[in-house]
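A closer look at the structure
These are the residues of each chain, in order.
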Amino acid sequence: MTLIVPLSERSESSLDRYVINGRTPICGVIDIHGAKNAALPIVAACLLTDQAVLLRNIPPLSDIGVMQAILHSLGVNSEWQAGELRIHPNVVNSHVIPESLMQEMRSSVIIVGPLLARYGRVSASYPGGCAIGERPIDLHIKGLCALGAKVVDEGGGCLTFSASKLRGARVHLETPSVGATENIMMAACLAEGETLIENAAREPEVLDLQNFLNALGAKVSGAGQNTIHIAGVSALKGAEYTIISDRIVAGTYLLAALMTEGRITLTSVIAEDLRPLLSRMSDMGADIAVADNAVTLSMRGRPRAVEEVRTMPHPGFPTDLQAPMLAALCLAEGKSVLTETMFESRFKHVEELKRMGAQIAVEGRKAIISGIERFSGATVRATDLRAGAALTLAGLAASGTTVVEDVYHIDRGYVALDQSLTRLGGRVVRKR
Ligand code: EPZ
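So, here is what we can say about the structure in this document.

Calculation rules
Residues numbered from 1 in each chain as written. Predicted model: local features only at pLDDT ≥ 70, side-chain atom pairs only at ≥ 80, totals over all residues. Heavy atoms only, no water. Salt bridge = Lys/Arg side-chain N within 4 Å of Asp/Glu carboxyl O. Helix = DSSP H or I, 4+ residues; strand = E, 2+ residues; numbered from the N terminus. Buried < 20%, exposed > 50% of the residue type's maximum accessible area, 1.4 Å probe, protein only. Pairing = 2+ DSSP bridges. Axes fitted to C-alpha atoms, helices over the stretch in contact; angles between N-to-C directions. Polar contact = N/O pair within 3.5 Å; in protein donor to acceptor, adjacent residues only side chain to side chain. Contact = heavy atoms within 4.5 Å. Near = heavy atom within 4 Å. Areas by Shrake-Rupley, 256 points an atom, 1.4 Å probe, with all protein chains shown as cover. Nonpolar A, V, L, I, M, F, W, Y, C, P; charged D, E, K, R; others polar. Expected span 1.5 Å × (residues − 1).

1. Describing the pattern of salt bridges
- Tallied over the full model, the rule gives 21 salt bridges.
- Between Glu205 and Arg247 there is a salt bridge, with the nearest N and O atoms lying 2.8 Å from each other. In this pair, Glu205 sits in helix H8 (residues 204-215) while Arg247 sits in helix H9 (residues 247-259), placing the two residues 42 residues apart along the sequence. Judged on exposure class, the residue Glu205 and its partner Arg247 are both buried.
- Note that Asp411 and Arg430 form a salt bridge whose closest N and O atoms lie 2.7 Å from each other. Of the two residues, Asp411 is situated in the loop between strand E22 (401-405) and helix H14 (417-423) and Arg430 in strand E23 (residues 428-431); the sequence distance between them amounts to 19 residues.
- Look at Arg430 and you get partly exposed, because its relative accessible area is 27%.
- Look at the salt bridges and you will find they share partners, linking Asp16, Asp411, Arg430 and Arg432 into a network.

2. Some words on the sheet that holds strand E20 (residues 366-370)
- Spatially, four strands are ordered E17-E18-E20-E19 in an open sheet, and the strand pairing comes out mixed. Looking at strand neighbours, the two that pair on one side only are strand E17 (308-310) and strand E19 (359-363), the edges of this open sheet. If you compare each strand with its neighbour and ignore which way they point, the axes differ by 15° on average.
- Pairing of E17 with strand E18 (residues 335-339), which is carried by three bridges, proceeds in the parallel orientation. Along E18, the bridge assignment pairs Glu308 with Val337.

3. Considering the side chain of Arg247
- Residue classification places Arg247 among the buried positions, given a relative accessible area of 12%.
- Only 2.8 Å separates the side chain of Arg247 from the side chain of Glu205, close enough to count as a polar contact.
- What Arg247 contacts, discounting residues up to four positions off in sequence, is Glu203, Pro204, Glu205, Asp273, Leu274, His314, Pro318 and Leu321.

4. With respect to the site of the ligand
- If you check the shell around the ligand, you find 22 residues, and the closest are Asp138, Ser177, Asp320, Met342 and Arg386.
- Residue Lys36 places a side-chain N or O atom 2.9 Å away from an oxygen atom belonging to the ligand.
- Here an oxygen atom of the ligand and a side-chain polar atom of Arg135 are 3.0 Å apart.
- Across the complex, the protein chains shield 88% of the 820 Å² of accessible surface that the ligand would expose by itself.
- Mapped by element, the contributors of at least two residues to the shell around the ligand are helix H2 (36-45), helix H6 (138-146), helix H7 (178-189) and helix H13 (385-397).
- A class-by-class count of the residues in the shell around the ligand yields nine nonpolar, seven polar and six charged.

5. Points about H8
- Its 12 residues give H8 an end-to-end C-alpha distance of 17 Å, which sits within 8% of 16 Å, the value for a rise of 1.5 Å per residue.
- Positive phi appears at Gly217, one or two residues downstream of H8, with a value of about 105°.

6. So, the sheet that holds strand E16 (residues 294-298)
- Read from one edge to the other, the open sheet built from four strands follows the order E2-E14-E16-E15, with strand pairing classed as mixed. Each end of this open sheet is capped by a strand with a single partner; those strands are strand E2 (27-31) and strand E15 (287-290). Strand-to-strand twist of the sheet, defined as the mean angle between neighbouring strand axes without regard to direction, takes the value 10°.
- Alignment of E2 against strand E14 (residues 263-267), held across five bridges, turns out to be parallel. The residue bridging Cys27 from the neighbouring strand is Arg263, located in E14.
- Here H9 sits on the sheet and contacts E2, E14 and E16; the angle it forms with E14, its principal contact strand, is near 165°.
- Along the sheet face, helix H10 (residues 271-283) touches E15 and E16 and points at about 160° away from the line of E15.

As structure tokens, this is what we get:
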């Protein structure tokens, strides 16, 4: 098995930091890599078939390396080479998801649905909370139980799911959870009968999962809308599939150009998926042009403030761009309000931005931002991957030198962010 990111490399990089010299515009063209949040459920979904699968446009991200390691621990080998991941799910010889890997990546809970459908039994530990919030899995559990799974709390944070045969059901999600929608979709593919998921998540990555499942021979429809329909089948086949590009990475680069009076063109993007962000950046004064699979943004002068940005489930403003957008609003002329409705503690980057001169007051779920002319370089710490990206953007726009510590967080969702920004005119050096 050739690992996407060797485990040794992940531990070694834990001391790495970015040293950024700011005040150069971000200009140029960048091709946006595959989507982490599309790749993770799709790699997990390979457990639903015993035939070989070839996935293209798979980015070498540490989170996908963790998902690959989980499959390997279940007996499923895979090889990653130059963006292609070949998976051999012919043998699954364990139902126990290693606790260390569950803890390393909370979203590995999306392995439970496909493994339960394939193997009939799964032991997994509660993924637990993380830097952005509690991350409960009650909707995952309720959805799988609706399909006939039995769940036993073994104590010590370990749950065992079992199901001799899953049966289709009508499932209503109180919250349009992305992970719960994906888990139920995957389990329902091999259930007996029809499943309806109501109030389903509408994220583009859920639609990408539907398209992949149907490439395997599943019968899924409605993804991207409120209700998803799955007609269970007895078995699935192999497939070759190319995943979509990463809209959050795309938005991060657009905001980098907006914050540095730059001009950037992104290729291999789905502009429709970026609309919630593009409209707000136009409000902030950016000139934006959209072609088939490319978006160009240019920015002159300081951004304008916006009255309020609220993070919402898609097609609302994505919570994963909240931190980078907050960094941009720190430079806007005037006062802006940013409300984080999705996660209860996703403002850990605020204190770090304030060390760079930002004027932000947090009141519960709201951040009230009074714009400043420019950031001042400082030493700051990444607390999660999106906060790390936001601090890197702030460093690009800051006078003097900024050091971002714990950049291993950023490796979870951005391929070589430092090198890409340097190619685009930034001065970002990764140091151990
Ligand atoms: C996915 O996480 C993404 N991760 C997250 O991206 C993203 O922030 C999130 O969706 C929201 O868009 C992946 O796709 C791998 P949710 P997920 O279940 O599925 C509550 C990043 O930076 N909830 O849609 O875990 C939950 O507490 C990451 O790339 C329950 O109450 O998110 C939250 O408030 C961070 N019970 C809300 O739903 C549950 O059983 C949305 O969470 C599940 C979720």
